[in-house]
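The lines below spell out each chain.
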Amino acid sequence: MEDAKQKTKTHAEAKGFSVFYRQCEAVKRVDLAIPFGLVTAIIGPSGCGKSTFLRAINRMNDLIPGCHTDGELLFDGQNVYGGDVDTAVLRRRIGMVFQKPNPFPKSIYDNVAYGPRLHGNLSKAELDERVEESLVGAALWEEVKDRLNKNALGLSGGQAQRLCLARALAVRPEMLLMDEPTSALDPKATARIEELIIQLRGRYTIAVVTHNMQQAARVSDMTAFFYEGNLVEFAATDDLFTKPREKQTENYITGRFG
Amino acid sequence: MILSSGEQTRRKLLSLAGRSFLFAVTSAAALAVLAIIFFIARDALPFFRASGVGEFFFSKAWYPAHEPPQFGAAAIFAGSFLVTGAAVVLAVPPGIFAALCMSDILPFKVSQVLKPVIEMLAAIPSVVYGFFALTVVAPFLQDSGRWLPGNIEIVSGVNALTASVILGVMALPTIVSVSEDALQAAGRELREGSYALGATRAETLVNVVIPASMSGICSAVLLGIMRALGETMVVWMASGNAAQIPKPWYNLLQPVRTLTATIAGDMGEADQMTGSAHYHVLFAMGFCLLLFSFVCNLAGEWMVARQRKRLRGG
Amino acid sequence: MRMLTRKILDRAFTAGGYLAVALMTLFLLWVLVPIFVKGAGAYVFVGTVEYRRMMLGEFGRGNEQRVAAEWAEVQRAREPVYEAIAAFERELPALPVARRKELKPAFQAVREGVAVLLGPAPGKPLPALTRMIYGQTRWRQAQDKAANILFEETWDYSGNGSQKVHVPRQPLFEGTALAPVFPLLRKELRSLLRPRLTFYPRFLTDPSIDAHFFGGIGPEVLGTVYLALGAMLIAVPLGIVAAVYFQEYAREGPVLTFLRSCVNTLAGVPSVVFGLFGLAFFINTLHVSPGKSVLAGALTLALLVLPTVIRSSEEAIAAVPRAYKEGALALGAGQWRTVLTVILPAALPGILTGIVISMGRAAGETAPVVFTAAVSVGKWVTPSEVLSQPTPALSWNLYNLCTEHEAVEEIRHVQYGMAATLVLIVLALNLAAILIRARVAKRLKV
């Protein structure tokens, strides 16, 4: 693991990056480099700014009134908050899966085809292919291939979350952000999502926020520990959980708080 | 218990009496609507029994003062539908755009400031709108005929268009506030899902948010239709009150007459106490209005229920 | 490229949203500004000496001596006008026939115009109608009337279509004894009428005289107050009881569903149907009064606002934190006591909001009171007559004055004054509701 980290290059990098909600600093001058093609977990107690940081990467925080940032956040070497960045393009390159499954009230097919339809003129056949590929990628194809035209709201929670993943994969992003993707799911559905994350590793750079330390340990290569808006420690997952350098990290992973 | 059994019985009885009293009063309030149906129907029936429905619905000859009187209300029904339809067509696009603007485009603070504007539009009494139509809009429209392409001569500013414009404005607050509630109810998660895929705001609203709140928007439109159809003063004052079907039927620059205006305008001439045929025909019109509003109401409730069911999944 | 199109569409969509909101706001201004600006003209305007004479004669207001002195001066100023008219009248029979034929109708128009402008000529018997006893009381209208004398309004058919033209009358009378009248009216109108800025706040409370030509809108305002208060007196207890029942007592079930949809349906009934029902039920069946009456109107309006009262009270009761109620019940208070001492007081501001808004609605409604309560004659209704007598009301009389009055154009200021007063009453009630709501929101936040 240690030399894997050294070999890989950085995909997204925060440099002295802060996020504010009006006056309140939710993420405080964070320096963090998310490596290319690996799974990076972000852990920490609730309200530590981990979700805020994740949502800053594809600028989802723009939708929240009064939210602004300071410092630099680079994606592929380009500042995400630069003047010439188009959020629509950025978000196509950085997909996102949310805490609560949020399929659109449309058919399963239309849900997956939603992104490709926005971004390019695909023919019907290409679109069909893309939908299948994405659903296969999210391990949902076998379950839904006979009812692609049924409303997606009829899916179970785990299926809906995998549909949301397929929907994100369908625009062929370079990076995937997952904001506590399993917190609303039962253990079995959780296991399937974790499996998927491991399968997708290598093809996409993945950043996953979780409050579940076992999950972080199971799926991630690197782990970042946030506490009260600060990045306390960032290390290879194995190192962080076995020999944390910081006292706060140790307290957290041994369950003294959080 | 510490209380004696007599005390307990007394308490129970009191509570029961209180509950019955509440139930009785509530029922009386709620059942008023049944009383309305009953009494309107009671006074409408003599007309239908005497003249049947054929002439009423299919003849355009409205001569209540002739001997014998003719009560063909087809033109009046047509007038009501024309004016209402035009009002809704005029009000729905800006209404939905305004609702979208308030729910998704404007900052929260600004849309809070705009709410009183909508409330004020809703609060202005209809007779004041009618007065405004008569003194401001009608002369304005009459003058503006010259500027229109083709130099149309608008004979009178009091016509179907004037009434429709004002009715549209009166329906607007209902449409905006009910649609806005529906749009809000679609939720942040859905919007984020779409934005996260790289959709622009317009794409998110058109492709995801509006379809998700379609039932609510439809019921907003239905409520708007009800408001326009049931409105009396504006059409009475500003539609011209000519019992005719415009030629061609979509010519809004001609005067028309509506059900509500006929009821309000003719009741003074009809014998209110003894009940002439003219009196009963006005109740027949009232009964039809009542039916329309029921249909709209039921359709609206059905849509709201469907929306709830759909969002719950299933 | 594709991104650009998407961006442009997005911008266009946003612009559409802004446009719709702007349109709505502009329309509100388009309605309110003329009504308030011209409505203010009923309360503040430039009045002439005729106005001050009218106020003294009809209402006994003003300083008698000062008005008399002013009147004497004005009469002196008017003498040349009347002399010229008298002189021309003497001169007329002596004119050649053709000239006489030409001048006679124009002269009559001038003479009548002067009577309208300045009131009946001195020495003439007083007319029966009050409006004709006095000249023009408002300077703006006086100027129009003067113009009617100076110019003849005819239609010019020479071009394509017809066009209104104003032909000066003065050249016609050049060289006759009437000629001096025209420059007088053009240049000396001020000394003939003595315009002065006038405040008339009692427009709100004065009765009207001679079909609203003079006076105020007092009886109409009073009628509106009767109707709105009466409606609330009936609707509020019913509404609150029903809301308490729905929120605190009713159990889910078909009966509740049915009652609820009844209330919803009641809210959708067109207002004119309420009027029909009021006529058929309260007057023709229950005979609450021999004919239209304030009582019948208030009952009808009460039904109309009932759904609003019920809904807003329900919302207010539902917004009371459960903890309040549970706290009271835990202390051993019965359900009744809890409702009366905890829930209703806590919900009061919310309930009040609904009541105030409903009151505005009741004050502004016209169609339901047309057949049940309203008459166009502006007569005071005393509190003892409300059970049996119909009343004028702002809403109905505004309709009446701007459509059925015999001189709609002459009394525009009264119509605007009524409209502005009605809107002001309704908006003030709504503003009160907004303020109450804001206070409630603040209290709940703390």
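Just so you know, these numbers come straight off a predicted model, no measurement behind them.

Quick notes on the rules
- Residues numbered from 1 in each chain as written.
- Chains lettered and ligands numbered in written order.
- Predicted model: local features only at pLDDT ≥ 70, side-chain atom pairs only at ≥ 80, totals over all residues.
- Heavy atoms only, no water.
- Helix = DSSP H or I, 4+ residues; strand = E, 2+ residues; numbered from the N terminus.
- Rg over C-alpha atoms; globule rule 2.2 N^0.38 Å.
- Buried < 20%, exposed > 50% of the residue type's maximum accessible area, 1.4 Å probe, protein only.
- Contact = heavy atoms within 4.5 Å.
- Buried area = accessible area lost by both parts, 1.4 Å probe.
- Salt bridge = Lys/Arg side-chain N within 4 Å of Asp/Glu carboxyl O.
- Polar contact = N/O pair within 3.5 Å; in protein donor to acceptor, adjacent residues only side chain to side chain.
- Nonpolar A, V, L, I, M, F, W, Y, C, P; charged D, E, K, R; others polar.
- pLDDT = per-residue confidence, 0-100.
- Phe/Tyr/Trp six-rings, centres within 6.5 Å; stacked < 30°, edge-to-face > 60°.
- Lys NZ or Arg CZ within 6 Å of the ring centre and 35° of its normal.
- Axes fitted to C-alpha atoms, helices over the stretch in contact; angles between N-to-C directions.
- Parallel < 35°, antiparallel > 145°, perpendicular 65-115°, else oblique.

Looking at this structure, I do not really get the overall build of chain A. What am I missing?
What chain A contains, in helices and strands, is 11 helices and 10 strands. By the compact-globule yardstick of 18 Å for 258 residues, chain A fits well, its C-alpha radius of gyration being 18 Å. Taken over the C-alpha atoms alone, chain A extends approximately 55 × 40 × 35 Å along its principal axes. Buried residues in chain A amount to 56% of all 258 residues.

Would you explain the interface of chain C and chain B in this entry?
Note: interface size is frequently given as the accessible area lost on complex formation between the parts. In this complex, chain C contributes 79 residues to the contact, which on the side of chain B involves 84 residues. Summed over both sides, the interface between chain C and chain B buries roughly 6,900 Å², with carbon and sulfur atoms accounting for 81% of that surface. Three residues stand out in chain C for area buried against chain B, namely F13, M24 and L276 of chain C, and they jointly supply 10% of the buried area on that side. Viewed at the interface, chain B and chain C are joined by 2 salt bridges. Across the salt bridge formed by E203 of chain B and R6 of chain C, the nearest N and O atoms sit 2.7 Å from each other. In this structure, the connection of chain C to chain B is made through 13 residue pairs in polar contact (both at pLDDT 80 or more). Ranked by residues supplied to the side of chain C that touches chain B, first place goes to helix α1 (residues 2-43) of chain C with 18 residues. Along the lines of polarity and charge, the residues of the side of chain C that touches chain B split into 55 nonpolar, 19 polar and 5 charged.

What am I meant to see in the confidence of the model for chain A here?
Detailed reading of the predicted model is not advised wherever pLDDT is low. Summing up the model confidence of chain A, the mean pLDDT is 90 and the portion of residues at 70 or higher is 96%. Ignoring residues within four places in sequence, the model shows residues 1-6 of chain A, a span with pLDDT below 50, making 4 contacts including any to other chains.

Mind showing me how you'd approach the pattern of salt bridges here?
One side chain can pair with another of opposite charge once the charged atoms of both are near each other. Using the criterion set out here, one finds 39 salt bridges over all chains in the structure. Between D266 of chain B and R257 of chain B there is a salt bridge, with the nearest N and O atoms lying 2.9 Å from each other. For the pair D266 of chain B and R257 of chain B, a shared accessibility class is recorded, and that class is buried. Taken together, the salt bridges that share partners define one network made up of R55 of chain A together with R188 and E192 of chain B.

How should I be thinking about the packing of aromatic side chains in this particular structure?
Aromatic rings considered in pairs are described by the distance between their centres and by the relative angle of their planes. Going through the model one piece at a time under the given rule, you end up with 44 aromatic pairs over all chains. Across from the ring centre of F104 of chain A, 4.2 Å away, lies the NZ or CZ of R167 of chain A, which sits over that ring. One cation-aromatic arrangement involves R138 of chain C over F45 of chain C; the distance from NZ or CZ to the ring centre is 4.3 Å.

When you look at the packing of helix α3 (residues 74-105) of chain B against helix α8 (residues 201-212) of chain B in this model, what are you seeing that I'm missing?
How two helices sit against one another is set out by the angle between their axes and by the gap between those axes. All names here are of chain B. At a minimum axis separation of 12 Å, α3 and α8 run at an interaxial angle of 110 degrees. Taken together, the axis directions place α3 and α8 in an arrangement best described as roughly perpendicular. Residues L100, D104 and I105 of α3 form the contact with α8, whose own contacting residues are R201, L205 and I210. Split into classes, the residues belonging to the contact of α3 with α8 amount to 4 nonpolar, no polar and 2 charged.

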